[in-house]
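Chains, contacts and geometry: an overview
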Amino acid sequence: MKGAVSLGTSRGSRRESKYFYLFVSPWIIGFIVFALFPIGASLYYSFTDYDIIHAPVYVGLNNYSELFKDEQFWNSFKVTLQYTFFSVPLTLLLSLVFALLINQKVPFRGFFRTAMYFPSMISGVSMSLLFFWVFNPQAGLFNYGLSFFGIEPIHWLLDQKYAMWALIIMSFWGMGAGMLIFLAGLQGVPTSLLEAARLDGAGRWRSFWNVTFPIISSVFLFQLIIGMIDSFQVFTQAYTMTQGGPNYSTWFYVYNIYVNAFKNFRYGYASAMSWLLLIAVMFVTFLIMKSSKRFVHYEGGTNE
């Protein structure tokens, strides 16, 4: 009797396993064809000279050694770091400030949450075209607002001094997604702790810094890492608005990869750049995680 039950159970398990693999097979096939294979191919091409017309020629580490001698490579790296250094902290700060405001008991909170989040749903190309008009030196909305303060029109996207700042300002447009994540974290802060802090005489700032922020610090860490990774992959704005100009002031790293791959047809060289980008992102993420022990609070009482 026990043997029959065991046999029936094993047959049922095999049938369930068969159906499981059948239903997940589209995802597995898609992952292998559209993710795993391209990753492996790009790693192989990074050691070759490949122009898509001729067969790849193995060149070893030549692509990588050439990169470190390429001025345009270092310029694109510097431009991307500059964008990351200003865009990510400012976007995080604004997202947190708006989340704190919307978390208050104010009328039409639902409307404001939706209005703040909605712009982040717009595609990158549409947003770039919209801001291309906003930064228009003659009829742009931004210069129109500055005119009320007596400021002369600025050629935002045509001036090397302002092009990067225009793209940094543009990045604030998508802070609604970060605001929503911060808002979810703020709503998890126990009101009893805030009330206890007020009874002890703590003001708003001290309550935020000593009670609220430690609780949402893990949310802040998540947002910081995701924001950093996204900023390292900026491409759409440079492609649709500035083409890397003026004078290479918005020549982002990923835009440099695109130019080498699809304009110069140096796919091996572009693949090497892509793998260096992966290493750079992993290294910066590692540094952030190591330093997070100083400011991230975990409920278990340890940051290890």
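Report follows, based on the coordinates. (Residues numbered from 1 in each chain as written. Predicted model: local features only at pLDDT ≥ 70, side-chain atom pairs only at ≥ 80, totals over all residues. Heavy atoms only, no water.)

Broken down by element type, the chain carries 13 helices and two strands. For 304 residues, the compact-globule estimate of 2.2 N^0.38 gives 19 Å, and the C-alpha radius of gyration of the chain, at 25 Å, exceeds that figure by more than 25%. Of the contacts formed within the chain by residues at least 6 apart in sequence, a portion of 65% connects residues at least 24 apart. Accessible surface, the chain as shown: approximately 19,100 Å² in total, 68% of it carbon and sulfur. Taking the average place of the 19 positive charges on the side chains of the chain and the average place of its 13 negative ones, the gap between the two points comes to 13 Å. (Helix = DSSP H or I, 4+ residues; strand = E, 2+ residues; numbered from the N terminus. Rg over C-alpha atoms; globule rule 2.2 N^0.38 Å. Contact = heavy atoms within 4.5 Å. Areas by Shrake-Rupley, 256 points an atom, 1.4 Å probe, with all protein chains shown as cover. Lys, Arg positive; Asp, Glu negative; His and termini not counted. Charge placed at Lys NZ, Arg CZ, Asp CG, Glu CD.)

We now examine the pattern of salt bridges. Counted by the stated rule, this structure contains one salt bridge. Residue E66 pairs with R266 through a salt bridge whose shortest N-O separation is 3.1 Å. Of this pair, E66 sits in helix α2 (residues 62-67) while R266 sits in the loop between α12 (253-263) and α13 (267-291), and the two are 200 residues apart along the sequence. Looking at E66, the relative accessible area reads 34%, which means it is partly exposed. (Salt bridge = Lys/Arg side-chain N within 4 Å of Asp/Glu carboxyl O. Buried < 20%, exposed > 50% of the residue type's maximum accessible area, 1.4 Å probe, protein only.)

With that settled, consider unusual backbone geometry. Residue P246 follows G245 across a cis peptide bond; omega there is -5°. On the secondary structure map, P246 appears in the loop between α11 (236-242) and α12. Residues other than glycine seldom take positive phi values, yet Y248 does so here, at roughly 65°.

Geometry only, nothing functional implied.
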